[in-house]
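Results of the structural survey
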Amino acid sequence: MYNNQMLRLEKSYTLEKYEKTMTTEEYYSKYVNFNETSESCKICEMYGNNWSCPPFENDVTNFWKKYENIHLILMQLHYDDFITNNTHSKEDIDTILHLTLFNEKKKLLQEIHRKISEDENLTDTMILSTGYCNICPICTKKEGLMCRYPKNKLYSIESIGALVTKTTEDLFNTEIKWIDMDEGKIPEYLTLLMGILF
């Protein structure tokens with residue numbers, strides 16, 4: 001469907017971005033429940049197959065104890081009628097996501113890295129991404145090998161216990177909306193939530 005309309009996809013959405021900083025102690029006490037998130041992770045194909053996904057060898061609470069603050073970044077992609085009013089095949093949804101959501105995720109990660117490199121106060125940080133780490137095309141954990149880039153691997157905010165839905169509702173007054181793969185429908189917006197522990 002989109003072979004002749006790829007350029008239109010780049011103009012089929014607008015962005016909204018919100019940011020909030022709070023102490024890690026407060027965030028952890030209200031919005032982290034590893035037992036709950038690990039159960040959700042178990043249904044993902046990356047569970048046990050990615051170095052930044054559960055189950056972990058070490059206690060993930062150590063990530064939260066190490067840093068004093070967390071800076072949260074919420075980005076929403078608001079789609080136009082071209083996307084939301086049509087029914088899409090799974091292949092088309094994959095194309096749409098790669099050209100919109102995943103592309104914006106990549107740009108946001110680049111922005112976060114740039115922010116960290118330019119701020120002399122951010123000498124010890126941990127980036128919390130959305131979704132599993134995909135720096136490598138195939139994670140070495142599947143092959144029983146050590147991580148190629150242990151200092152650069154990305155943990156998703158969910159993988160270490162953050163309750164994303166509760167976070168977006170309480171701190172950003174917005175709800176998460178989901179793609180209906182069975183019906184081939186994309187909602188009016190999709191959400192990325194990332195963070196920096198520092």
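Located above this text is the structure these notes cover.
In what follows, the accompanying structure is described.

About the cut-offs
Residues numbered from 1 in each chain as written. Predicted model: local features only at pLDDT ≥ 70, side-chain atom pairs only at ≥ 80, totals over all residues. Heavy atoms only, no water. Helix = DSSP H or I, 4+ residues; strand = E, 2+ residues; numbered from the N terminus. Rg over C-alpha atoms; globule rule 2.2 N^0.38 Å. Buried < 20%, exposed > 50% of the residue type's maximum accessible area, 1.4 Å probe, protein only. Contact = heavy atoms within 4.5 Å. Lys, Arg positive; Asp, Glu negative; His and termini not counted. Charge placed at Lys NZ, Arg CZ, Asp CG, Glu CD. Pairing = 2+ DSSP bridges. Axes fitted to C-alpha atoms, helices over the stretch in contact; angles between N-to-C directions. Arc of directions from axis to C-beta. Polar contact = N/O pair within 3.5 Å; in protein donor to acceptor, adjacent residues only side chain to side chain.

**A look at the overall build of the chain**
- What the chain contains, in helices and strands, is eight helices and five strands.
- Reading the chain from its N end, one meets helices and strands in the order α-β-α-α-α-β-α-α-α-β-β-α-β.
- For the chain, the C-alpha radius of gyration of 17 Å lies close to 16 Å, the compact-globule estimate for 198 residues.
- Each of the three principal axes of the chain carries a C-alpha extent, and together these read 50 × 40 × 35 Å.
- Here the chain, with 198 residues, has 44% of them falling under the buried criterion.
- In the chain, the share of contacts with a sequence separation of at least 24, taken over all contacts with a separation of at least 6, comes to 82%.
- Put simply, the chain has 22 plus and 31 minus side-chain charges, and the middle of one group is 4 Å from the middle of the other.

**Overview of the sheet that holds strand 5 (residues 189-197)**
- Pairing in this open sheet of five strands is mixed, and the strands run 1-2-5-3-4 from one edge to the other. Across the chains shown, the open sheet's two edge strands, defined by having one partner strand only, are strand 1 (13-23) and strand 4 (155-156).
- Note: strand 3 (residues 126-129) against strand 4, two bridges, orientation parallel. From the neighbouring strand, L128 faces strand 4, where its bridge partner is Y155.
- Helix 2 (residues 24-31) contacts strand 1, strand 2 (69-79) and strand 5 of the sheet and is inclined by roughly 110° relative to strand 1.

**Thoughts on helix 3 (residues 34-41)**
- Those residues of helix 3 not exposed but buried are T37, S38 and C41. Angularly, the buried residues of helix 3 cover 105° about the axis, an arc narrow enough to put them on a single face.
- Sitting at the head of helix 3, N33 places a side-chain oxygen 3.3 Å from the backbone nitrogen of N35.

**Thoughts on the side chain of T174**
- For T174, the position within the fold is in the loop between helix 8 (164-172) and strand 5.
- Among the residues examined, T174 registers a relative accessible area of 15% and is labelled buried.
- Contacts of T174, omitting those with residues within four sequence positions, involve L74, Q76, T168, E169 and Y189.

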